[in-house]
Structure formats: structure tokens, C-alpha cells
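An overview of the molecular structure
This is what each chain is made of:
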Amino acid sequence: MLIFGQAGSVDRGALQYDLSAMQHLCVREGFVVLGVATACLSTALGSMFGSARIMQAIARDRIFPLSFFAHGAAHGDEPRRAIVLSYTVAQAGLLIGGIDAVAPVLTNFFLVTYTLTNLAAALLALCGLPNFRPVWRLYSWQTSLLGAALTAGSMFFLNPLFALLTLALALAPPSPPPPPPP
């Protein structure tokens, strides 16, 4: 509804070039700033804590040699070590100098996530595993493979160097499995 309301009440030039158009339409401009700040804070905290839990799970499964991050807090198993690392990485990104410097890296990591998800779906369908039953009626392994190719192509279209570095990091061989207990 918001989009249709703005499209019907704001001229095209303002929608395209005025980054504060929504503030000008609001009764109190501070509400828009407060809403954007709250949404950004919520997203940042969710990403930081979510990535820490994922890192803890990866460390526990020994997919990568991150055993230091496998242990959680004594009470509640919170991944405190991984949270500290996530916070440090986020602060390092801020110290780079701005969102424009960090955006290409983040974009490529999101795109490689979509690429690998589509590739995994295609491979699961091609293997014919009985527990892989997609419910989307238009699904086929070709659509997953096409999605993987298009998102990988988007990475190379946006920045070939970052795309190569991201794929090299994402496709690095995992660490060897631990030896069986005696």
C-alpha cells in the first residue's frame, strides 16, 4: 500500500532522485529516520547473532577447522566466541571507510550463497534422493542449474575479481575429518 500511495502522490523525478521523498511525505520526518534506524539495528543484530550460531554449527560439524568456535557458554550454549569474531569482522568492515567499500564484498557473498543453494538443489534432484521432494510445481533440476548459472554470472558481471576471490573461498576444500576415537 505504501508503494502505491507514493506512486500516486509523488512525481516521477522525486521518486527517482530524491532520497528523502518519504520523509517529506510523512507527518513527522523523524518517524522515518527512527524507523530506518530501528530496521537497520534489528538487521545488524540478527545477522551478527545468526552468523555466530552458524559458525558454531560449522565448527561443531568440523566442516572447516574452527574448533575454537564450537564451544558455547556454560549456561545456554550461547556462541560467545563466535559473537566476538562476528563483531570484530563487522567493525573491521566499518573501518574500511564506508558502506560503498563493503557492499561489493557482501553482495558477492550473498550471491555465492544463492549460487550454492541452487547448485545443491540441482545436484539433489539429479541424484534422485528420496528425501528431496520440492513442492514447487514448476521445479526441475534445470531451473536450479539455470539459477546457479545466472547468480554466478551476476557475480562476474558486477566485479570479476571479487567473484573469483569469493568462489575460491567458497569452494575451498574442507578440512579432513577428525580421526575416529580409539
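A brief report on the enclosed structure follows. (Residues numbered from 1 in each chain as written. Predicted model: local features only at pLDDT ≥ 70, side-chain atom pairs only at ≥ 80, totals over all residues. Heavy atoms only, no water.)

**Looking at the overall build of the protein**
Rule in force here: Under the DSSP-based scheme used, a helix requires at least four consecutive residues in state H or I and a strand at least two consecutive residues in state E, with every element numbered from the N terminus. The globule rule used for comparison is 2.2 Å times the number of residues to the exponent 0.38, while the radius of gyration itself is calculated over C-alpha atoms. Here's how the labels work: a residue is buried when its accessible area is under 20% of the maximum for its type, exposed when over 50%, partly exposed in between, all with a 1.4 Å probe on protein chains only. Note on contacts: a residue pair qualifies if any of its non-hydrogen atoms lie within 4.5 Å across the two residues. Computed with the Shrake-Rupley method and a 1.4 Å probe, the accessible areas treat only the protein chains shown as cover for residues. His is not counted, nor are the chain ends; Lys and Arg add positive charge and Asp and Glu add negative charge. Lysine's charge is taken at NZ, arginine's at CZ, aspartate's at CG and glutamate's at CD.
Within the protein, the regular secondary structure consists of 8 helices and 0 strands. When its helices and strands are written in sequence order, the protein yields α-α-α-α-α-α-α-α. In terms of C-alpha radius of gyration, the protein reaches 22 Å, well past the compact-globule figure of 16 Å for 182 residues. Expressed as lengths along the three principal axes of its C-alpha atoms, the size of the protein is roughly 70 × 45 × 35 Å. Expressed as a percentage of its 182 residues, the buried residues of the protein come to 19%. When contacts within the protein are restricted to residue pairs at least 6 apart in sequence, long-range pairs at least 24 apart make up 45% of them. Roughly 13,600 Å² of accessible area belongs to the protein as shown, and the carbon and sulfur atoms make up 71% of that amount. Here the protein holds 9 positive side-chain charges and 7 negative ones, and the gap between their average locations is 14 Å.

**Quick look at the pattern of salt bridges**
Rules: A side-chain nitrogen of Lys or Arg and a carboxyl oxygen of Asp or Glu constitute a salt bridge if their distance falls within 4 Å.
Applying the stated criterion across every chain yields a total of 2 salt bridges. Note that R53 and E78 form a salt bridge whose closest N and O atoms lie 2.9 Å from each other. Highlighted residues: R53 in helix α4 (residues 29-61) and E78 in the loop between α4 and α5 (80-95), separated in sequence by 25 residues. Here R53 falls in the partly exposed class, since its relative accessible area comes to 41%.

**Notes on the packing of helix α6 (residues 99-127) against helix α7 (residues 141-158)**
What counts here: Between the N-to-C directions of two axes lies an angle of 0 to 180 degrees, each axis being a line fitted to C-alpha atoms and, for a helix, fitted only over the stretch in contact. Throughout, the term roughly parallel applies to angles under 35 degrees, roughly antiparallel to angles over 145, roughly perpendicular to angles from 65 to 115, and oblique to all others. Crossings are sorted by hand: turned counterclockwise from the far helix by less than a right angle, the near helix makes the crossing left-handed, and turned clockwise it makes it right-handed. Residue classes follow a fixed rule: Ala, Val, Leu, Ile, Met, Phe, Trp, Tyr, Cys and Pro count as nonpolar, while Asp, Glu, Lys and Arg count as charged, and any other residue, Gly among them, counts as polar.
Two elements in contact, α6 and α7, have axes separated by 8 Å at closest approach and are oriented at 160°. When the axis of α6 is compared with that of α7, the two are roughly antiparallel. When the axes of α6 and α7 are compared, the crossing they make is left-handed. Residues T107, N108, L111, V112, Y114, T115, N118, L119, A121, A122, A125 and L126 of α6 pack against W141, S144, L145, G147, A148, T151, A152, S154, M155 and L158 of α7. A class-by-class count of the residues in the contact of α6 with α7 yields 14 nonpolar, 8 polar and no charged.

**Points about the packing of α6 against helix α8 (residues 160-170)**
It is the contact of α6 with α8, at a shortest axis distance of 10 Å, that shows an interaxial angle of 50°. When the axis of α6 is compared with that of α8, the two are oblique. In the packing of α6 onto α8, the handedness of the crossing is right-handed. Mapping the contact onto sequence places P104, V105, N108, F109, V112 and L116 in α6 and F162, A163, T166, L167, L169 and A170 in α8. Tallied by class, residues from the contact of α6 with α8 come to 10 nonpolar, 2 polar and no charged.

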